[in-house]
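Architecture at a glance
Take a look at the letters that make up each chain.
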Amino acid sequence: MQKIFAFAKDESGATAIEYGLIAAVVGVGIIAGLGQLRDGLNTLFAAIVGNF
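An account of the accompanying structure is given in this report. (Residues numbered from 1 in each chain as written. Predicted model: local features only at pLDDT ≥ 70, side-chain atom pairs only at ≥ 80, totals over all residues. Heavy atoms only, no water.)

Bringing the overall build of the protein chain into the picture now. Scanning the protein chain for helices and strands turns up two helices and zero strands. The C-alpha radius of gyration of the protein chain comes to 23 Å, more than 25% above the 10 Å expected for a compact globule of 52 residues. Principal-axis analysis of the C-alpha atoms places the extent of the protein chain at approximately 80 × 10 × 5 Å. In the protein chain, which comprises 52 residues, the share counted as buried stands at 2%. (Helix = DSSP H or I, 4+ residues; strand = E, 2+ residues; numbered from the N terminus. Rg over C-alpha atoms; globule rule 2.2 N^0.38 Å. Buried < 20%, exposed > 50% of the residue type's maximum accessible area, 1.4 Å probe, protein only.)

Structure (structure tokens):
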């Protein structure tokens, strides 16, 4: 019975899950940011090519 209580109180796995969720959110943010950067660079390069 003590092993069951010890297993229930163990929170080491919860920390790994939290870090995984944080990494996923950061990854989604990076992907969204790169999409914006891509669009901005395409616009910039199109304007530069249009001037020549």
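That covers the picture; the talk isn't over yet.
Nonpolar side chains collect at one region of the surface, where Y19, I22, V26, I30, L34, L37, L41, L44, F45, I48 and F52 lie side by side and expose about 1,200 Å² of accessible area between them. Residue position: I22 is located in helix 2 (residues 12-50). (Patch = residues over 30% accessible without salt bridge, like charges linked within 9 Å, V, L, I, M, F, W, Y side chains within 5 Å. Areas by Shrake-Rupley, 256 points an atom, 1.4 Å probe, with all protein chains shown as cover. Salt bridge = Lys/Arg side-chain N within 4 Å of Asp/Glu carboxyl O.)

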